[in-house]
Amino acid sequence: MLDQAKIILGVTGSIAAYKAVYLLRLLKKAGADVRVVTTASVDEFVGELTFSSLSGHSVFSGLWEEEWSQHVELGTWADLMVVAPATAHTLAKFAHGLCDNALTAVYLAARCPVMVAPAMDVDMFLHPRTAANLQQLSQDGVEVLPSGTGFLASGLEGPGRLLEPEEIFAHIQQRLLDRPLRGKKVLITAGPTREAIDPVRFLSNHSSGKMGYALAEVAAQLGAEVVLVSGPTSLSTPSQVQKVKVVSAQEMYEAVHECVDRMDIVIMAAAVSDYTPEEVATEKMKKKEGDMAIALKRTKDILKSVGKIKKPDQTLVGFAMETQNELENAKNKLVSKNLDFVVLNSLRDPGAGFGHETNKVSILDRQGGIAQFPLKPKKEVAKDIFQKIVAGIERQSG
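Residues numbered from 1 in each chain as written. Predicted model: local features only at pLDDT ≥ 70, side-chain atom pairs only at ≥ 80, totals over all residues. Heavy atoms only, no water.

1. Concerning the overall build of the protein chain
Along the backbone of the protein chain there are 13 helices and 21 strands. Overall size of the protein chain, expressed as C-alpha extent along the three principal axes, is 80 × 55 × 40 Å. A buried classification covers 50% of the 398 residues belonging to the protein chain. Nonlocal contacts in the protein chain, meaning residues at least 24 apart in sequence, comprise 67% of its contacts between residues at least 6 apart. By element, 50% of the accessible surface of the protein chain is carried by carbon and sulfur atoms, the whole surface being about 19,700 Å². Put simply, the protein chain has 44 plus and 47 minus side-chain charges, and the middle of one group is 6 Å from the middle of the other. (Helix = DSSP H or I, 4+ residues; strand = E, 2+ residues; numbered from the N terminus. Buried < 20%, exposed > 50% of the residue type's maximum accessible area, 1.4 Å probe, protein only. Contact = heavy atoms within 4.5 Å. Areas by Shrake-Rupley, 256 points an atom, 1.4 Å probe, with all protein chains shown as cover. Lys, Arg positive; Asp, Glu negative; His and termini not counted. Charge placed at Lys NZ, Arg CZ, Asp CG, Glu CD.)

2. With respect to the pattern of salt bridges
On inspection of all chains with the given rule, the structure shows 16 salt bridges. Across the salt bridge formed by lysine 19 and glutamate 164, the nearest N and O atoms sit 2.8 Å from each other. Of this pair, lysine 19 sits in helix H1 (residues 17–29) while glutamate 164 sits in the loop between strand E7 (157–161) and helix H8 (165–177), placing them 145 residues apart in sequence. Of the charged contacts in the structure, one is a salt bridge between glutamate 143 and arginine 175, with a shortest N-O distance of 2.6 Å. Pair noted here: glutamate 143 is in strand E5 (residues 143–144) and arginine 175 is in helix H8, with a separation of 32 residues, a long-range link. Salt bridges sharing partners connect three or more residues here, namely Lys19, Arg161 and Glu164. (Salt bridge = Lys/Arg side-chain N within 4 Å of Asp/Glu carboxyl O.)

3. Description of unusual backbone geometry
Here the amide bond leading from alanine 84 into proline 85 is cis, since omega sits at 0°, within 30 degrees of zero. Relative to the helices and strands, proline 85 resides in strand E3 (residues 80–86). In this structure, asparagine 325 takes a positive phi of about 45° despite not being glycine. In this fold, asparagine 325 is placed in the loop between strand E16 (315–322) and helix H12 (326–336). Exposure remark for asparagine 325: the relative accessible area of 48% places this residue in the partly exposed category. You will see that asparagine 338, though not glycine, has its phi angle at about 60°, which is positive. Mapped onto the elements, asparagine 338 comes out in the loop between H12 and strand E17 (341–346).

4. What to know about the sheet that holds strand E19 (residues 362–365)
What links the strands of a sheet is backbone hydrogen bonding, and the strands pair in either a parallel or an antiparallel sense. Strand order in the open sheet formed by eight strands is E12-E11-E8-E13-E16-E17-E19-E20, with mixed pairing between adjacent strands. Sheet topology places strand E12 (241–245) and strand E20 (370–372) at the edges, where each strand pairs with a single neighbour. With strand direction ignored, the average angle separating the axes of adjacent strands in the sheet is 15°. Here E16 runs beside E17; their pairing, made up of six bridges, is parallel. Bridging from a neighbouring strand, valine 317 pairs with phenylalanine 341 of E17. Sheet contacts for helix H11 (residues 302–309): strand E13 (265–268) and E16; angle to E16, the most-contacted strand, approximately 155°. Of the strands in this sheet, E16, E17, E19 and E20 touch H12, which is tilted by about 155° from E17. (Pairing = 2+ DSSP bridges. Axes fitted to C-alpha atoms, helices over the stretch in contact; angles between N-to-C directions.)

And the structure:
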């Protein structure tokens with residue numbers, strides 16, 4: 001079921017550490033290659049010999065061992081990192097980016113999805129600080145599994161109990177098997193570009209980059225290797241995403257063409273400036289009497305240039321932000337730019353377009369299909385877009 005899946009199993013010092021032994025056994029029986037990373041206090045509950053015997057590999061438990069840099073190797077090796085049990089102490093370290101042991105070092109070095117299964121007493125689990133840490137981890141892209149409810153080692157009863165190994169295994173299986181973009185390389189552009197007028201002023205637009213960043217986050221969750229070429233934004237880079245920062249349309253053009261040839265899927269979600277000043281003043285332009293005119297020239301059409309060199313096995317997706325004749329303009333863009341899909345949204349729809357947490361789109365394909373969707377959070381819109389892309393790839397290969 002999980003043949004050749006590469007999994008890091010992190011184990012922390014909890015009375016529930018014994019359940020990690022059963023989880024390890026389930027993963028190995030399913031065909032996974034598992035490397036175990038522990039915190040120092042785990043030895044108080046389960047010895048390293050147990051984990052090394054069952055996994056077939058030595059346990060990584062100390063940064064001061066001979067192979068102290070193993071966290072880097074493991075971080076790039078794994079398909080999934082699972083921490084079960086995850087104590088309140090370790091969750092707090094993860095949430096705040098602290099690094100003082102082997103497990104936290106591996107977490108910070110991990111380029112794969114991360115899953116945590118909390119385990120602690122009920123009062124610790126319900127404490128506002130723990131809730132805030134779990135919320136922060138979720139925002140960072142970590143999948144936080146629900147806690148079980150029942151009798152705890154303290155004698156209390158309530159939430160905070162570690163899920164049973166079979167339940168955690170089911171979550172792992174679902175996460176690894178539901179990754180249709182595993183092995184695919186995805187390029188996404190996002191945000192605005194800025195065209196300098198002088199050292200102080202620039203031309204730009206209202207794009208926040210939220211749609212492109214949501215696409216990058218979802219692509220990574222679906223197993224893709226993601227490169228995000230981003231104009232200036234205030235957004236955090238999604239987990240497991242490589243970001244290339246650019247400012248101008250020309251810089252975005254160059255960054256895209258540097259890597260587009262090796263990509264399987266290209267999604268151009270950035271709001272690229274169509275015009276740039278013919279000349280950029282080297283000093284701040286001082287205010288004078290009367291009006292000012294700035295001569296502009298066209299920027300390079302990045303989407304069209306990519307469409308011209310698109311290979312048959314590549315999928316190219318563009319966006320159309322319209323205010324009138326929406327469908328007609330989107331259909332024309334689909335053909336003129338050699339796209340497989342165009343995502344249409346209108347500034348006339350409340351809650352859609354620039355700056356919002358939501359979007360309302362229609363997705364047009366080159367076969368003439370039009371799928372319309374209601375207003376949704378942009379991450380859900382991203383999932384709809386990738387569902388179309390994956391279906392298109394499967395149709396083409398099948």
